[in-house]
Amino acid sequence: MERIKCLIAGSGPAGYTAAIYAARANLNPVIYSGMELGGQLTTTTMVDNFPGFPDGIDGNELVSRMKQQAERFGVEVRSGVITKTDFSRRPFVLTIDSDNEVLADTVIIATGASAKYLNIPGEQKYRGSGVSACATCDGFFYKNKEVAVIGGGDTACEEAVYLSGLCKKVSMIVRRDVFRASKAMQERVASKSNIEVLWQCEPLEITGDGSGVTGVNILDKKMAGDESAVSVNGKGGVVRSVPVWGVFLAVGHHPNSEVFKPWINMDGEGYIITEQGGPRTNVPGVFAAGDVADLHYKQAITAAAAGCRAAVEADKFLQTI
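This is a predicted model, so every value here is computed, not measured.

Colleague: For this particular structure, what's the right way to read the nonpolar core?
Modeller: Here is a general trend for soluble globular proteins: nonpolar side chains tend to be buried in one another's company. Formed by 32 residues in total, the largest nonpolar core has its most connected members in I8, L62 and I108. Listing elements by their share of this core, those giving two or more residues are β1 (3–9), α1 (13–24), α2 (59–72) and α6 (300–319). When sequence neighbours within four positions are dropped, the list of residues in contact with I8 reads G15, A18, A19, P29, V30, I31, Y32 and I108. Core analysis: the next-biggest nonpolar cluster, separate from the first, contains 22 residues, A9, Y32, A104 and V283 among them.

Colleague: Teacher, can you tell me more about the sheet that holds strand β12 (residues 169–173) here?
Modeller: Strand pairing in a sheet relies on backbone hydrogen bonds. The paired strands run either parallel or antiparallel. Here we have five strands laid out as an open sheet, ordered β10-β18-β11-β12-β13, and parallel in their pairing. This sheet does not close on itself; its edge strands, each paired only once, are β10 (131–132) and β13 (195–198). Note that strand β11 (residues 146–150) and β12 share five bridges and pair parallel. Residue pairing for β12: I150 is matched across the bridge by I173.

Colleague: Teacher, can you tell me more about helix α4 (residues 154–164) here?
Modeller: Quick reminder: α-helices carry 3.6 residues per turn. Residues three or four places apart thus point the same way. Looking only at α4, the buried set comprises A156, C157, E159, A160, V161, L163 and S164. If you follow the buried residues of α4, they end up packed against α3 (135–138), β11, β12, α5 (183–190), β13 and β18 (246–249).

Colleague: Sorry, what's going on with the pairing of strand β6 (residues 82–86) here?
Modeller: A regular strand carries its side chains on alternate faces of the sheet. As paired elements, β6 and strand β7 (residues 92–96) share four bridges and run antiparallel to each other. Across the sheet, residue K84 finds its bridge partner in β7, namely T95.

Colleague: Please clarify how the sheet that holds strand β15 (residues 213–220) should be interpreted in this entry.
Modeller: With respect to topology, four strands assemble into an open sheet ordered β14-β15-β17-β16, the strand pairing being antiparallel. On the outer flanks of this sheet lie β14 (201–208) and β16 (230–232), each paired with one strand and no other. Across the sheet, the mean angle separating the axes of adjacent strands is 45 degrees when strand polarity is ignored. In this structure, β14 lies alongside β15, joined through seven bridges in antiparallel fashion. For E205, the partnering residue across the bridge sits in β15 and is N217.

Colleague: In this structure, what is going on with α2? I would like to understand it.
Modeller: Between its terminal C-alpha atoms α2 stretches 20 Å, which fits the 20 Å expected from 14 residues at 1.5 Å a residue. The complete set of buried residues in α2 reads G59, L62, V63, M66 and A70. End-on view of α2: buried residues confined to an arc of 95 degrees, all on one side of the axis. Here the buried face of α2 lies against α1, β3 (46–47) and β4 (57–58). Count one or two residues on from α2 and you reach G74, which has phi positive near 90 degrees.

Analysis parameters
Residues numbered from 1 in each chain as written. Predicted model: local features only at pLDDT ≥ 70, side-chain atom pairs only at ≥ 80, totals over all residues. Heavy atoms only, no water. Core = buried A, V, L, I, M, F, W, Y, C linked by side-chain atoms within 4.5 Å. Buried < 20%, exposed > 50% of the residue type's maximum accessible area, 1.4 Å probe, protein only. Helix = DSSP H or I, 4+ residues; strand = E, 2+ residues; numbered from the N terminus. Contact = heavy atoms within 4.5 Å. Pairing = 2+ DSSP bridges. Axes fitted to C-alpha atoms, helices over the stretch in contact; angles between N-to-C directions. Expected span 1.5 Å × (residues − 1). Arc of directions from axis to C-beta.

Here it is in structure tokens:
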């Protein structure tokens, strides 16, 4: 059975940065790319906030450059998904694509987190060209324009407040008649004159002109008794359109951590718990970096920084065994 000194799960900014640092420390790292080569960054058309690119850079191009840099230092990047793990003993045993077992002296988990989507018409078609799950990443492109935020929790409120400083108007589409967000976040939304909350509204479709978003069709359930009301999926209301240039989905993320659950401590949502300020998990020799362990920031630059820390700690660990 093959034995790997440093196995890295995931091929986003955290995984590639970890690989670069691990390779330079002679750890001979191997990356297993996972389901989505390059991670969430590949769904972003233009990245304007990654240092070193004053004119911005396409998300796929940025990931491609990270991969090339890692390979320059001898990193082996393999396609494959980790489908089973055994961290009860070391070297650890990991199963790739359900049938290939490998041994690893250290493991860096950089599998990321996937944005939750609504699965409504137009959502996938305009993903990356008007539909986004990250206001910090893409809000700048809608400066002085009208946008919509879908969601009613803390994340949605944070996105709306952030966008209110850039955009002409922010329409928050909230399915219920109240926020799920904390009182503090609700107050921040209420303090912004250019945020309009559309209560009891169900998003039905994201519309566009083929090249970009033009609006969101919603079912206004407050108007269920109106003479023009219709029934959609068993819910009554009036269908109307909200004209916007961009739609920001803020209905949560799902950390890609399931395969590690038998061994690694996680919070209630599945985010890996690490030592405060570091990448160490509860299993010595297993480290976590990037969005799979980041409930708050979810940025390429913070993921890269976490990847660096994970590789440095993996090197220190190997020197002690």
